[in-house]
Amino acid sequence: MPRVLLIEDDPSVREGVGLGLRRRGHEVRAAETGEGGLAALGEFRPDLVLLDLMLPGMNGVQVCRRIRETSQLPIIMLTARGDDFDVVIGLEAGADDYIVKPARTEVIEARIRAVLRRLNDPAARVETDFHGELAIDRAGLTVAKNGERLPLAPSELKLLLHLSASPEQVFSRQQLLEYVWEHSYHADARLVDACVRRLRNKIEDASGSPRYIQTVRGFGYRFGPL
């Protein structure tokens, strides 16, 4: 079962989520602060991080950015509010998904499994595709540009794999949500847009003038090197 690092300052949430996940077989390490969570990363070596957005001191966005400096470990943000601004900031910092508290353990468990499935998608394991200076290794689940490997988070990688598997095909945000995130409700469209922005920052020469991931206004996105 995946090892989960839970960074949450609310003791009732920390205890409830931790207990629920342990009952389902997960090994869980809990930390009360962002600093404590970062300190636990190297020792505990989790498979995924559940990260509260509103932490005292170093907040969840800052913790997420620190993790992303050195690791593409899957991160799910926990937020007490569905506030658009807070959620978008968390996603732009590199989170793969978010959950609005309070949430049932089975919901959290489902999101964990969905994020981790992106790392082991059998449909992606076919061959290496070359698109200009981009090399997309579907078997090794790696992406390189001009021979240099790019650090892609799980959601970024699966989005790129899905788009590039059907060049020139236009995918709606809803289609991408259902495939990449396994979500079906409209509010999560911002997951797609935030992930596209992060991905463009990594694979494009100039994210403001994308060559690979094109926006089709009023509908969604397509992959097609210019």
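It should be emphasised that the depicted structure is a prediction, and the values quoted were computed from it without experimental measurement. (Residues numbered from 1 in each chain as written. Predicted model: local features only at pLDDT ≥ 70, side-chain atom pairs only at ≥ 80, totals over all residues. Heavy atoms only, no water.)

Peer 1: What exactly am I supposed to notice about the packing of aromatic side chains here?
Peer 2: To describe a pair of aromatic rings, one takes the distance between the centres and the angle between the planes. Per the stated rule, a full pass over the model turns up one aromatic pair. Ring plane angle 25° and centroid distance 5.9 Å describe the contact between Tyr-212 and Phe-223, whose orientation is recorded as stacked. One end of the pair, Tyr-212, is in the loop between helix H8 (189–203) and strand S11 (213–216); the other, Phe-223, is in strand S12 (residues 220–223), with 11 residues separating them in the sequence. The ring of Phe-44 has Arg-3 lying over it, and the distance from NZ or CZ to the ring centre is 4.4 Å. (Phe/Tyr/Trp six-rings, centres within 6.5 Å; stacked < 30°, edge-to-face > 60°. Helix = DSSP H or I, 4+ residues; strand = E, 2+ residues; numbered from the N terminus. Lys NZ or Arg CZ within 6 Å of the ring centre and 35° of its normal.)

Peer 1: Could you clarify how one ought to interpret the environment of Ala-144 in this entry?
Peer 2: Within the secondary structure layout, Ala-144 lies in strand S8 (residues 142–145). Sequence separation of Ala-144 and Phe-130 is 14 residues, and the distance between their C-alpha atoms is 9.6 Å. With sequence-adjacent residues up to four places away left out, Ala-144 is seen in contact with Glu-133, Leu-134, Ala-135, Arg-149 and Leu-150. (Contact = heavy atoms within 4.5 Å.)

Peer 1: I keep staring at the nonpolar core and nothing clicks. Help me out?
Peer 2: It is characteristic of soluble globular proteins that their nonpolar side chains tend to be buried jointly. Counting 50 residues, the largest nonpolar core has Val-49, Leu-51 and Ile-213 as its most contacted members. Of all the elements, H8 adds the most residues to this core, at seven residues. Leu-6, Leu-48, Ile-99 and Leu-116 belong to the second-largest nonpolar core, a separate cluster that totals 14 residues. (Core = buried A, V, L, I, M, F, W, Y, C linked by side-chain atoms within 4.5 Å. Buried < 20%, exposed > 50% of the residue type's maximum accessible area, 1.4 Å probe, protein only.)

Peer 1: Looking at this model, I keep getting lost on helix H7 (residues 173–181). Mind explaining?
Peer 2: Note on helix geometry: an α-helix contains 3.6 residues per turn, so any two residues three or four positions apart are oriented the same way. Considered for burial, the residues of H7 that qualify are Leu-176, Leu-177, Val-180 and Trp-181. The arc that holds the buried residues of H7, viewed along the axis, is 105°, so those residues lie on one side. For H7, the secondary structure elements touched by its buried residues are strand S5 (97–100), helix H5 (105–117), helix H6 (154–165), strand S10 (170–172), H8 and S12. Within two residues after H7, Glu-182 carries a phi angle of roughly 60°, on the positive side. (Arc of directions from axis to C-beta.)

Peer 1: What am I meant to see in the side chain of Lys-145 here?
Peer 2: Mapped onto the elements of the fold, Lys-145 is located in strand S8. Accessibility expressed as a relative area gives 12% for Lys-145, which makes it buried. Polar side-chain contacts of Lys-145 include one of 3.0 Å to the backbone oxygen of Ile-203. Among the polar contacts listed, one links the side chain of Lys-145 to the side chain of Asp-205, at a separation of 2.6 Å. In this structure Lys-145 touches Glu-133, Leu-134, Leu-150, Ile-203, Glu-204 and Asp-205, once residues within four positions along its chain are discounted. (Polar contact = N/O pair within 3.5 Å; in protein donor to acceptor, adjacent residues only side chain to side chain.)

Peer 1: Is there a simple way to think about the pattern of salt bridges in this case?
Peer 2: If the charged atoms of two oppositely charged side chains come close together, the side chains can form a pair. The full count for this structure, using the stated rule, is 17 salt bridges. Taking the shortest distance from any N to any O, the salt bridge between Glu-168 and Arg-222 comes out at 2.7 Å. Of this pair, Glu-168 sits in the loop between H6 and S10 while Arg-222 sits in strand S12; the two residues are 54 residues apart in sequence, bridging distant segments of the chain. With a closest N to O distance of 2.8 Å, Arg-173 and Asp-193 form a salt bridge. Of the two residues, Arg-173 sits in helix H7 while Asp-193 sits in helix H8, which places them 20 residues apart along the sequence. (Salt bridge = Lys/Arg side-chain N within 4 Å of Asp/Glu carboxyl O.)

Peer 1: When you look at unusual backbone geometry in this model, what are you seeing that I'm missing?
Peer 2: Only a minority of non-glycine residues have a phi that is not negative, and only a minority of peptide bonds are not trans. A cis amide bond links Lys-101 to the next residue, Pro-102, at an omega of -5°. Looking at the element boundaries, Pro-102 is found in the loop between S5 and H5. Phi at Glu-168 takes a positive value of approximately 75°, unusual for a residue other than glycine. Take Glu-168: its relative accessible area is 48%, and that puts it in the partly exposed class.

Peer 1: Just to check I follow, could you spell out the environment of Gly-20 for this structure?
Peer 2: Mapped onto the fold, Gly-20 is located in helix H1 (residues 11–23). Since its relative accessible area comes to 8%, Gly-20 is described here as buried. Here the alpha-carbon distance between Gly-20 and Ile-108, two residues 88 residues apart in the chain, equals 9.5 Å.

Peer 1: It is not clear to me how the environment of Arg-211 should be interpreted in this structure. Could you clarify?
Peer 2: Looking at where Arg-211 falls in the secondary structure, it is placed in the loop between H8 and S11. Residue classification places Arg-211 among the partly exposed positions, given a relative accessible area of 25%. Sequence separation between Arg-211 and Phe-223 is 12 residues, and the spatial gap between their C-alpha atoms is 8.7 Å.

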